[in-house]
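Close look at the chain arrangement
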Amino acid sequence: QVQLVESGGGLVQPGGSLRLSCTASGFTFSNYAMSWYRQAPGKERELVAGITNTGGSTNYAKSVKGRFTISRDNAKRTVYLQMNSLKPEDTAVYYCRASRNVVYWGQGTQVTVSS
């Protein structure tokens with residue numbers, strides 16, 4: 001059974017940091033590109049960051065470049081999103097996504113940036 005389980009979300013003040021984790025099971029994690037998406041209320045889901053299966057290449061949305069870092073540990077079957085200098089506009093549900101010839105999604109974790 002395929003599972004992607006996100007954790008690490010929560011409430012943080014502007015300027016603060018959070019690290020999201022997504023742990024995978026039920027498929028060969030090291031064969032899949034991984035990415036983080038987010039969806040704010042009333043908005044479409046958008047790509048935040050992606051990483052290739054080996055971790056050799058990453059890409060970021062312009063809005064988070066320089067503040068967020070995606071990484072992965074294939075031995076732990078986990079992908080991370082380090083989020084620094086958080087802004088209120090980063091508030092959203094954050095989803096983990098695995099892709100190769102099929103796509104798998106996690107259930108999402110809420111991130112709220114507010115004073």
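Residues numbered from 1 in each chain as written. Predicted model: local features only at pLDDT ≥ 70, side-chain atom pairs only at ≥ 80, totals over all residues. Heavy atoms only, no water.

Some words on the overall build of the chain
Counting its secondary structure elements, the chain contains zero helices and eleven strands. Beginning at the N terminus, the succession of helices and strands in the chain can be written as β-β-β-β-β-β-β-β-β-β-β. Computed over C-alpha atoms, the radius of gyration of the chain comes to 13 Å, within 12% of the 13 Å expected from 2.2 N^0.38 for 115 residues, which places it in the range of a compact globule. Taken over 115 residues, the chain has a buried fraction of 41%. (Helix = DSSP H or I, 4+ residues; strand = E, 2+ residues; numbered from the N terminus. Rg over C-alpha atoms; globule rule 2.2 N^0.38 Å. Buried < 20%, exposed > 50% of the residue type's maximum accessible area, 1.4 Å probe, protein only.)

Digging into the state of the cysteines
Here the structure, examined in full by the defined rule, presents one disulfide. Covalently, Cys22 is tied to Cys96 through a disulfide, its sulfur atoms 2.1 Å apart. Here the disulfide of Cys22 and Cys96 is left-handed, its torsion about the S-S bond being about -75°. In this pair, Cys22 is assigned in strand S3 (residues 18–25) and Cys96 in strand S9 (residues 92–99), connecting sequence segments 74 residues apart. There is no split in this pair, since Cys22 and Cys96 are both buried. (Disulfide = S-S within 2.5 Å.)

Re the pairing of strand S8 (residues 78–83)
Among the six residues that make up S8, five are buried, leaving the element largely enclosed by the rest of the structure. Here six bridges tie S3 to S8, and the two strands are oriented antiparallel to one another. In the sheet register, Arg19 faces S8, and the bridge partner there is Gln82. Looking at chain direction, strand S7 (residues 68–73) and S8 are connected through six bridges and run antiparallel. Residue pairing across strands places Asp73 opposite Thr78, the latter belonging to S8. Between S7 and S8, which pair antiparallel and follow one another directly, the connecting turn spans four residues, one of which, Arg77, has a positive phi of 55°. (Pairing = 2+ DSSP bridges.)

Structural notes on the pattern of salt bridges
Applying the stated criterion across every chain, the model contains three salt bridges. A salt bridge links Asp90 to Arg38; the nearest nitrogen and oxygen atoms lie 2.9 Å apart. Of this pair, Asp90 sits in the loop between S8 and S9 while Arg38 sits in strand S4 (residues 33–39), placing them 52 residues apart in sequence. One exposure class covers both Asp90 and Arg38, and it is buried. (Salt bridge = Lys/Arg side-chain N within 4 Å of Asp/Glu carboxyl O.)

Overview of the packing of aromatic side chains
A full pass over the atoms with the stated rule returns five aromatic pairs. Ring-pair connections join several aromatic residues into one group, and the members of that group are Phe27, Tyr32 and Tyr104. The residue whose ring lies beneath Arg45 is Tyr95, and the NZ or CZ to ring-centre distance is 3.7 Å. One cation-aromatic arrangement involves Arg72 over Phe29; the distance from NZ or CZ to the ring centre is 4.4 Å. (Phe/Tyr/Trp six-rings, centres within 6.5 Å; stacked < 30°, edge-to-face > 60°. Lys NZ or Arg CZ within 6 Å of the ring centre and 35° of its normal.)

Topic: the sheet that holds strand S1 (residues 3–7)
A sheet is described by the order of its strands in space; here four strands give the open sequence S1-S3-S8-S7, paired in antiparallel fashion. Two strands lie at the open edges of the sheet, namely S1 and S7, each paired on one side alone. Taking the axes of each pair of neighbouring strands and ignoring which way they run, one obtains an average angle of 15° across the sheet. Where S1 and S3 come together, five bridges link them in antiparallel fashion. Within S3, the residue paired with Ser7 across the bridge is Ser21. (Axes fitted to C-alpha atoms, helices over the stretch in contact; angles between N-to-C directions.)

By themselves, these observations are geometric and do not establish any function.
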